[in-house]
Amino acid sequence: MKTILTYGTFDLLHIGHVNMLERLKELGNKLIVGVSTDEFNLLKGKQCIYGYAERAKIVGALRCVDLVIPENDWAQKAVDIKEHDVDVFGIGADWEGKFDELQALCEVIYLPRTPSISTTDLKKVLSQIDSAAIQKIKQGLDGVLDIVKALE
Ligand code: CTP
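Residues numbered from 1 in each chain as written. Predicted model: local features only at pLDDT ≥ 70, side-chain atom pairs only at ≥ 80, totals over all residues. Heavy atoms only, no water.

Student: Which parts of the structure should I look at to understand the pattern of salt bridges?
Tutor: A side chain with one charge may pair with a side chain of the opposite charge, provided their charged atoms come close. For the structure shown, the criterion picks out six salt bridges. Linking aspartate 11 and lysine 123 is a salt bridge whose minimum nitrogen-to-oxygen distance equals 4.0 Å. With aspartate 11 in the loop between β1 (3-8) and α1 (15-26) and lysine 123 in helix α5 (residues 119-151), this residue pair connects regions lying 112 residues apart in the sequence. Accessibility expressed as a relative area gives 29% for lysine 123, which makes it partly exposed. (Salt bridge = Lys/Arg side-chain N within 4 Å of Asp/Glu carboxyl O. Helix = DSSP H or I, 4+ residues; strand = E, 2+ residues; numbered from the N terminus. Buried < 20%, exposed > 50% of the residue type's maximum accessible area, 1.4 Å probe, protein only.)

Student: Which parts of the structure should I look at to understand the sheet that holds strand β4 (residues 88-92)?
Tutor: Paired through their backbone hydrogen bonds, the strands of a sheet run either parallel or antiparallel. Strand order across the open sheet formed by five strands is β3-β2-β1-β4-β5, with parallel pairing between neighbours. Of all strands in the sheet, those bounded by a partner on one side alone are β3 (67-71) and β5 (107-111). Adjacent strand axes in the sheet meet at a mean angle of 25° when their direction is disregarded. Looking at chain direction, β1 and β4 are connected through two bridges and run parallel. From the neighbouring strand, leucine 5 faces β4, where its bridge partner is phenylalanine 89. Contacting β1, β2 (30-36), β4 and β5, α1 runs over the sheet at an angle of about 145° to β2. (Pairing = 2+ DSSP bridges. Axes fitted to C-alpha atoms, helices over the stretch in contact; angles between N-to-C directions. Contact = heavy atoms within 4.5 Å.)

Here it is, written out as structure tokens:
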């Protein structure tokens, strides 16, 4: 039995998240995912679209995920590794070197991220769609105003 542990926010679940979790599951038999709580995200300066309960339920619904636990603070990793008898701690390469001290407790690996996608990018795209729609409505209204003016 080989247990893998990872952590993340997993807001607006996307293909980069699924690729990462599937690759991690391939490394063992049981994949545990620590999903950051809303309070912890605030500490990290992250504001989510979905709350913790929804993000945890979505991640837990993936076939490759065996257990979801809340991630409440930076210090809990060592405790979780011992409590769940974790063999491998894995996370994306954006965290390269940041968790090397956990090597005293288990294997630590940093996996390459899926290129060209992140929750931050998705949020930007969504906000641009919004402003594009507003721009379109404005153009429509300006057109109506022009017609009204021409009739005066
Ligand atoms: N991840 C990945 N490939 C991506 C995006 C994320 O492999 N394109 C991985 C991260 O490296 C991390 C996990 O997915 O191990 C959860 O990352 P999270 O921070 O929730 O996702 P991001 O999309 O990077 O979110 P943000 O833009 O808010 O940082």
